[in-house]
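Here is what each chain is made of, one letter per residue.
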Amino acid sequence: MAKLKKKEKNVKKNIKPIKTEKADEAKNFKVSKKTPQVLRGFKDILPGEQRYWDLLYAKVANLTTDYGFERIDLPLLEETSLFIRSVGKETDIVDKEMFSFVDRGNENVSLRPEATAQIARAYINHGMFNLPQPVKLYYLGPMFRYDRPQSGRYRQFYQFGVEVLGDKQPVLDAQIIIMAYNFLTSIGLPVNVQVNSIGCNNCRKEYKVQLVNFYKSQKHDLCEDCKERLPKNPLRLLDCKEEKCSAIKEDAPQIVDFLCDECKSHFMKVLEFLEELEIPYSLNSQLVRGLDYYTKTVFEIWPQAEQAALDKQPEPGAEDKKAQIALAGGGRYDNLVEILGGRPTPAVGFSIGLERVILKIKELNLAVPEKEKRDIFVAQLGESAKRKAMKLYETLRSEGFKVAECFAKDGLKNQLEVANKLGVKYTLILGQKELSEGTILLRDMDAGSQETLNFNKVVKDIKKRLEV
Ligand code: HAM
């Protein structure tokens, strides 16, 4: 425990904010007079986009219910040290991509770049080890990485993720992979699963020695980042997207050849489950993932067509392309809870990037449900009719009708245009004449015909016509 505390202190000492902007200094900012624009790599999700999100959220709700997961919502801001200790100091995410700053209380904090570390923190903080194990949680929300913005790569992006904590059996690794696979294929995306095992600390010891020896012999051909990373975190070199490093790694020793008996047997069992369920997968011995907390099984899910194209033409830039299109990533992280100060707790999970899924849905022109249609439009002409029409609108709504209106417009032509756009079946029109006669006009929008109804019986009448 004392050792752990000392380690924690050292880590904290080493944290340097990427940029410190004292809150008080904001007063001295030169305020731009230009219309503010959304930040690079961020985007507004406009109403026209929402049907894609509605579809994904509905799929999340179905899938997590089917597999017995419970939702957890975690803060967007955390102590920076949480991510340094879990994702790893030498990873791109922590080293180059965190939105970190010192807050007013002098705390070094970061916008979350991912949520697995938070889940492990929450598991410890809330004593979830006292619950029946495994604990099955899911989350949905924005993550932040100061990445180079491009198609499918944003600085704020949404992830749907699931995590199972408290059980080490390979069946859970397989089930996690199957869940991610089912989520994507249920939307209609043809995908391929890539799997690897990166073993445990024991088998990685010897592998790292061999890997360092291999890369040392190629050191002059490595990119500057890799040269620096080699002594600190050699596994990261397999993750490098630089063209020259990608070529070198083709000949690098493979971790699967170094797996201990337990890790080997675990991996074999995971693959057997996948085969039993006929999940198409390929083994990728170079898949190490860009986060330090993984042990044993790691996987990524890619769109099938792009994977095939990449397999055929591993040309310059292909690695970079690969990194952009992975739809999902995950794996086992048996040491993370302990690293953060909890009890030994094996765990496994995945996250899916929702913007990337939406990009693919659009690219493949997949069916997405339209917004639910409205049945009746309430139109009005004149101030007193507007008051009565508003009341009628509320009555219809509370009676369970799918009703629409545009009280902001006064002209009938404009209102009928809106009604047409919404594709309603009927429009009820209330003008001064109808008001004084105690009637209301019913317009059948498809037939273009109109009839006069008794205002007091309109709800009953419409109910009959629509069979509400
Ligand atoms: P990750 O591979 O860093 O893993 O991210 C998972 C997914 O998030 C990616 O496959 C991708 O779809 C999406 N993603 C990542 N970066 C961006 C970006 N800049 N713009 C858009 N989408 C992006 C994790 O985050 C781990 N926490 C996964 C995990 C859960 N492992 C175990 N449990």
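Fair warning: this is a prediction, and the values are worked out from it, not measured in the lab.

Student: Help me understand helix α2 (residues 50-66) in this model?
Tutor: Each full turn of the α-helix corresponds to 3.6 residues, which orients residues three or four apart in the same direction. Compared with an ideal rise of 1.5 Å per residue, which puts 17 residues at 24 Å, α2 spans 24 Å between its outermost C-alpha atoms and is within 8% of the ideal. Y52, W53, L55, L56, V60, L63 and T64 are the residues of α2 that are buried. One face of α2 carries all of its buried residues, which in axial projection span an arc of 155°. Residues T65 and D66 are exposed on α2 and point more than 90 degrees away from its buried face.

Student: Can you help me understand the confidence of the model for the protein chain in this one?
Tutor: A low pLDDT means the predicted coordinates there should not be read in detail. Summarising the model, the protein chain shows a mean pLDDT of 91, and 90% of its residues fall at 70 or more. Scored below 50 in pLDDT, residues 313-323 shows 15 contacts in the model against residues more than four places distant or in partner chains.

Student: I'm lost on the nonpolar core in this one. Help?
Tutor: The nonpolar side chains of soluble globular proteins are, as a tendency, buried together. Formed by 102 residues in total, the largest nonpolar core has its most connected members in F160, F183, L184, Y215 and I352. In terms of residues, this core owes the most to one element, helix α6 (residues 170-187), which gives 11 residues. Among all residues touching I352, those that are not within four sequence positions of it are Y158, Q159, F160, A180, F183, L184, L327, A328 and V357. A385, F401, V403 and L453 belong to the second largest nonpolar core, which has 21 residues in total.

Student: How should I be thinking about the site of the ligand in this particular structure?
Tutor: Within the structure, the ligand sits among 27 residues, and E114, T116, E163, R289 and Y294 are positioned closest to it. Between the ligand and the protein, one listed contact pairs a nitrogen atom with a side-chain N or O atom of Y293 at 3.1 Å. Between a nitrogen atom of the ligand and a main-chain N or O atom of F350, the distance comes to 3.4 Å. Contact with the protein chains covers 96% of the free accessible surface of the ligand, which is 660 Å². Within the residue set of the shell around the ligand, elements represented by two or more residues are β6 (156-165), β10 (328-332) and β11 (347-353). Classifying every residue of the shell around the ligand gives 11 nonpolar, 9 polar and 7 charged.

Student: For this particular structure, what's the right way to read the pairing of strand β14 (residues 426-430)?
Tutor: Residues in a regular strand project their side chains so that they alternate between the two faces of the sheet. Within β14, 5 of the 5 residues are buried, leaving the element largely enclosed by the surrounding structure. Side chains Y426, L428 and L430 project from β14 onto one buried face, and the interleaved T427 and I429 project onto a second face that is buried too. Here strand β12 (residues 376-380) runs beside β14; their pairing, made up of 5 bridges, is parallel. Paired with I376 across the two strands is Y426, which belongs to β14. As paired strands, β14 and strand β15 (residues 439-444) are joined by 4 bridges and run antiparallel to one another. In the sheet register, T427 faces β15, and the bridge partner there is R443.

Student: Is there a simple way to explain helix α7 (residues 201-216) in this structure?
Tutor: End to end, α7 covers 22 Å across 16 residues, agreeing with the expected 22 Å (1.5 Å per residue, within 8%). Taken together, the buried positions of α7 are occupied by C203, R204, Y207, L211, V212, F214 and Y215. Where α7 is buried, its residues contact α8 (224-232), α9 (243-249), α10 (261-276) and β9 (295-303).

So, how was this worked out
- Residues numbered from 1 in each chain as written.
- Predicted model: local features only at pLDDT ≥ 70, side-chain atom pairs only at ≥ 80, totals over all residues.
- Heavy atoms only, no water.
- Helix = DSSP H or I, 4+ residues; strand = E, 2+ residues; numbered from the N terminus.
- Expected span 1.5 Å × (residues − 1).
- Buried < 20%, exposed > 50% of the residue type's maximum accessible area, 1.4 Å probe, protein only.
- Arc of directions from axis to C-beta.
- pLDDT = per-residue confidence, 0-100.
- Contact = heavy atoms within 4.5 Å.
- Core = buried A, V, L, I, M, F, W, Y, C linked by side-chain atoms within 4.5 Å.
- Near = heavy atom within 4 Å.
- Polar contact = N/O pair within 3.5 Å; in protein donor to acceptor, adjacent residues only side chain to side chain.
- Areas by Shrake-Rupley, 256 points an atom, 1.4 Å probe, with all protein chains shown as cover.
- Nonpolar A, V, L, I, M, F, W, Y, C, P; charged D, E, K, R; others polar.
- Pairing = 2+ DSSP bridges.

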